[in-house]
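# Examination of the molecular architecture
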There are 2 protein chains.
Amino acid sequence: MALIVQKYGGTSVGSAERIKNVARRVAKWKAQGHGLVVVVSAMSGETNRLIALAKEIQPDPDPRELDVIAATGEQVTIGLLSMALKEIGIDAVSYTGWQMPMITDSAHTKARIQSISDEKMRADLDAGRVVVVAGFQGIDETGSITTLGRGGSDTSAVAIAAALKADECQIYTDVDGVYTTDPRVVQEARRLKTITFEEMIEMASLGSKVLQIRSVEFAGKYKVRLRVLSSFEDEGEGTLITFEEDETMEKAVVAGIAFDRNEARINVKGVPDKPGIAYQILGPVSDANIEVDMIIQNVGDNGTTDFSFTVPRGEYQKALAILRDVQSHLGAADVNGDDKIAKVSIVGVGMRSHCGIASTMFRTLAEEGINIQLISTSEIKVSVLIDEKYLELAVRVLHKAFGLDQA
Amino acid sequence: MALIVQKYGGTSVGSAERIKNVARRVAKWKAQGHGLVVVVSAMSGETNRLIALAKEIQPDPDPRELDVIAATGEQVTIGLLSMALKEIGIDAVSYTGWQMPMITDSAHTKARIQSISDEKMRADLDAGRVVVVAGFQGIDETGSITTLGRGGSDTSAVAIAAALKADECQIYTDVDGVYTTDPRVVQEARRLKTITFEEMIEMASLGSKVLQIRSVEFAGKYKVRLRVLSSFEDEGEGTLITFEEDETMEKAVVAGIAFDRNEARINVKGVPDKPGIAYQILGPVSDANIEVDMIIQNVGDNGTTDFSFTVPRGEYQKALAILRDVQSHLGAADVNGDDKIAKVSIVGVGMRSHCGIASTMFRTLAEEGINIQLISTSEIKVSVLIDEKYLELAVRVLHKAFGLDQA
């Protein structure tokens, strides 16, 4: 008799048949006496179709109107899933973001949740109804439709679980849990039974696309019990994301290897080594709403320094153009970059209490002749930037070096 | 410097290119200094696609959830058209039904408008913005999305024009006005410069699909100046729907020939000729939400009578089954019907002051050997039911008989 929030992604609701499968799964949980709120994404391909349509009209779409359009994807799915539930005798009711309402700020296409009204959902749950909610969307104070950005349905689900104080938030996806690394790259990759929130955040932010990072942060902040499960397998307990390193946890130092092909490196060479230079370089980039990931400033000589950072690959040309615009103002000798790079990271809370993890990583890569371009570390991860062509090799040798292929 | 409400149907916004055309047309009116509210339908084919998807899940879709799904079609179009306007430098803002809001009753899939809030629209118009509104949809008192039923965008446009006391409501469609009859059937069909509301209502209700009948009734009730125009031609004044038979009007007795293939006839034979029998026959049909159009009861002999009526062809089998269920209760000798029939009507306010119109119609049909199955008349129209195979012939000969082929 638990209250469970389930989230089904685009692939899980990608066709009428799959929506019926989701309904049957929900019915099974309901039959066990649980209260259920189901958050859904747009049918797979639908959001891309809508955005492409918008770009046909306006290459750089107006954000408010883009949200009006994009939000329809999830709206269709909630109607369809509610119908599928009713068709098998389960009472259900759908809510869009504004019907709930889920109030967000006004940052269209990447809004942040401010509050959730749970009254309607509670009344429906009390009446024995399954509540079907459109993920990814909300409404701002002026009454405009907003969206949370790509993958925002995970965040919706976790936020709703937090608002309802649900017993568990289950994220159903096309994989059956979180793996030590991408099984498409390393055949020996294993599913983790548990992973800590901190590790999950690093894995998610580093390109392991199982969960959207904001949803994990949200879950950590509001202590939502989060589980990743496969929507295509009826059995399996997936991966539970835990708050603490409890005794039953797997004791590997490194929990997993994450990687990301979606970055590009920009170098600003020979800038005067003086206070404020980092801000002068990154200010215009951030003004253009380009997210910067790794940032490295080398100690310089002759009063100059070299500055490097990474941006999403899709923003590479834009970022490069911005820097070239300000190059003479910065007094930089050169601005260049490389968009054929990849980031590989080892992640694990065990790294806190173990030395030599980073050096094992560097040695392993060196033995394969893989040059490291940039290094960035945090308490529980080490990331390196390498030539994209060595990515698969690097992930495979690291997976083995840290014993992740052994149960 | 007028306030104009324009409505563009699904064909007019059927592709990115067509939406851009609509934006250019709106911009032209705007450049003349007019205030503009633009009501749009879903892109052609979209509503059918959504309904088909819903029926894949639930053959008899839940009406509340069907509205949730169907309303997304118009929501996409308002976003796209607003973008198209912004792209050519026209400030614009979109509103869904619930954002306006347009309050309706809770009769999902065929809701009726109860009130419209015009504050937001007026503020936008005052600020020089073009207001883009999703037709066909509203919100009920419980906050659920409702739709007005097929063709409801016309009604939305007229209701908004009434609420804003607009100078004119222009319905842009794929034809350039109202014709004396369907030009696909009669090559000599002519566009009418004006038609009275009463005639338009008869023409619309009789299957001339230019305007949805409820929108015409609404326009008549609230004295909205209504014009039908082509969205594909830049010139042309379309057809103005007038309130009175003014001096400049064309003086034809018959304004046009309407026809409808979408009906089926049901006969209930040999029922006791006693008070209440019509109700006993039509009650169960109306309880099943089947609309009945023509109703004929013959004077009977031997204390029995024959009763005939027409229903939409899609409901024929259902209506027949209902009547057969109650046949013995009614004491009817037989229940049968025919779904290969068509209705042809002559319409004109001039018929009020002219005799012999009906007999001209009957004679013309008789001369072609076309048998009349049912006749029904009103002050400004005469409708007959005939074998469907004679439909085109009947329309052509009547068009000629009443001189409609002559300017």
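Everything quoted here is computed from the prediction, not taken from an experiment.

### Examining the interface of chain B and chain A
Interface size is often expressed as the accessible area that is lost when the parts come together. Listed as interface residues are 43 residues of chain B and, on the opposing side, 43 residues of chain A. Buried surface at the junction of chain B and chain A, summed over both partners, amounts to about 3,500 Å²; 65% is from carbon and sulfur atoms. At the surface where chain B touches chain A, the tally comes to 4 salt bridges. Where E46 of chain B meets R49 of chain A, a salt bridge forms, and the shortest distance between an N and an O atom there is 3.7 Å. In this structure, the connection of chain B to chain A is made through 12 residue pairs in polar contact (both at pLDDT 80 or more). Of all elements in the fold, only α1 (16-31), α2 (46-57), α3 (63-70), α4 (72-87) and β3 (92-95) of chain B reach the threshold of two or more residues within the side of chain B that touches chain A. Here the element with the most residues in the side of chain B that touches chain A is α4 of chain B; it accounts for 11 residues. Of the residues in the side of chain B that touches chain A, the class split is 24 nonpolar, 10 polar and 9 charged.

### Quick notes on the pattern of salt bridges
Counted by the stated rule, this structure contains 38 salt bridges over all chains. Taking the shortest distance from any N to any O, the salt bridge between D293 of chain B and K343 of chain B comes out at 2.3 Å. Of this pair, D293 of chain B sits in the loop between α9 (277-287) and β15 (295-297) while K343 of chain B sits in strand β18 (residues 341-347), and the two are 50 residues apart along the sequence. By relative accessible area, which is 2% here, K343 of chain B ends up buried. Each of E46 and R49 of chain A together with E46 and R49 of chain B takes part in one network of salt bridges that share partners.

### Re the relation of the copies chain B and chain A
For the pair chain B and chain A, the superposition axis carries a translation of 0.0 Å, the fit reaches an RMSD of 0.1 Å, and the rotation angle comes to 180°. On the angle and the small slide along the axis, the relation comes out as a two-fold axis. Ranked by how close their C-alpha atoms come to the rotation axis, the residues of chain B are headed by T72 of chain B, at 2.6 Å. Both copies contact each other with a shared surface, as 100% of the interface residues of chain B are interface residues in chain A too.

### What to know about the UniProt feature "binding site: substrate" (unreviewed entry) in chain A
Residues and elements named next belong to chain A. UniProt's feature table lists "binding site: substrate" (unreviewed entry) at T47 and E74, given in the numbering used throughout. These annotated residues cover 28 residues of sequence, but their C-alpha atoms sit close together, with the largest distance between any two at 8.7 Å. By secondary structure assignment, the location of T47 is in helix α2 (residues 46-57). According to the relative accessible area criterion, T47 is buried, its value standing at 13%. Every residue in contact with T47, bar those within four places of it in the chain, is listed here: A42, E74 and R150. Within the fold, E74 resides in helix α4 (residues 72-87). If we ignore the near neighbours within four places in the chain, the residues touching E74 are V40, S41, A42, T47, A134, G135, F136, Q137 and S153.

### Section: the side chain of T72 of chain A
Note that T72 of chain A resides in helix α4. Since its relative accessible area comes to 3%, T72 of chain A is described here as buried. For T72 of chain A, the side chain forms a polar contact with the main-chain oxygen of I69 of chain A, separated by 2.7 Å. In this structure, T72 of chain A is in contact with L50 of chain A together with T72, Q75 and V76 of chain B, ignoring residues within four places of it in sequence.

### Focus: the UniProt feature "binding site: ATP" (unreviewed entry) in chain A
All names here are of chain A. Residues given the UniProt feature "binding site: ATP" (unreviewed entry) here are K7, Y8, G9, G10, T173, D174, Y179, R184, K209 and V210. Owing to a relative accessible area of 48%, D174 belongs among the partly exposed residues under this scheme. Sequence-distant contacts of D174, defined by excluding residues within four places in its chain, comprise T11 and F232. Within the secondary structure, R184 sits in the loop between β10 (178-179) and β11 (191-192).

### A short note on the packing of α2 of chain B against α3 of chain B
Residues and elements named next belong to chain B. Two elements in contact, α2 and α3, have axes separated by 9 Å at closest approach and are oriented at 140°. Where α2 crosses over α3, the two elements pack in a sense that is right-handed. Residues L50, I51 and A54 of α2 pack against L66, I69 and A70 of α3. Split into classes, the residues belonging to the contact of α2 with α3 amount to 6 nonpolar, no polar and no charged.

### Some thoughts on the confidence of the model for chain A
Confidence in the prediction for chain A averages 90 pLDDT; 96% of positions are at 70 or higher. Per the prediction output, this complex has pTM 0.77; the corresponding ipTM is 0.75.

### Points about the pairing of strand β2 (residues 35-40) of chain A
Residues and elements named next belong to chain A. Among the 6 residues in β2, 5 count as buried, and that is most of the element. By the bridge criterion, 6 bridges tie strand β1 (residues 3-8) to β2 in an arrangement that is parallel. Residue pairing for β2: Y8 is matched across the bridge by V40. Following the backbone out of β1, through helix α1 (residues 16-31) and into the adjacent parallel β2, one traces a crossover that is right-handed. Sheet topology note: the β2/strand β6 (residues 130-134) ladder contains 4 bridges and is parallel. Its bridge partner being in β6, V37 is matched across the sheet by V131.

### What about the sheet that holds strand β19 (residues 372-378) of chain B?
All names here are of chain B. One open sheet holds the 4 strands; their spatial order is β13-β18-β20-β19, and the pairing between them is antiparallel. What marks the edges here is a single partner per strand, and that holds for β13 (256-260) and β19. Shown here is a sheet whose adjacent strand axes are inclined to one another by a mean of 20°, direction ignored. Here 6 bridges tie β19 to strand β20 (residues 381-387), and the two strands are oriented antiparallel to one another. Considered in β20, the bridge of T377 is made with V382. Contacts from helix α11 (residues 357-367) reach β18, β19 and β20 within the one sheet, and its direction differs from that of β20 by about 20°. Contacts from helix α12 (residues 391-401) reach β13, β18 and β20, with the element oriented near 10° to β18.

Criteria and cut-off values
Residues numbered from 1 in each chain as written. Chains lettered and ligands numbered in written order. Predicted model: local features only at pLDDT ≥ 70, side-chain atom pairs only at ≥ 80, totals over all residues. Heavy atoms only, no water. Contact = heavy atoms within 4.5 Å. Buried area = accessible area lost by both parts, 1.4 Å probe. Salt bridge = Lys/Arg side-chain N within 4 Å of Asp/Glu carboxyl O. Polar contact = N/O pair within 3.5 Å; in protein donor to acceptor, adjacent residues only side chain to side chain. Helix = DSSP H or I, 4+ residues; strand = E, 2+ residues; numbered from the N terminus. Nonpolar A, V, L, I, M, F, W, Y, C, P; charged D, E, K, R; others polar. Buried < 20%, exposed > 50% of the residue type's maximum accessible area, 1.4 Å probe, protein only. Least-squares fit on C-alpha atoms with pLDDT ≥ 70 in both. UniProt positions renumbered as here; feature names shortened; annotations may be inferred. Axes fitted to C-alpha atoms, helices over the stretch in contact; angles between N-to-C directions. Left-handed = near helix turned anticlockwise from the far one by under 90°. pLDDT = per-residue confidence, 0-100. Pairing = 2+ DSSP bridges. Right-handed = clockwise from strand over helix to strand, strands pointing away.

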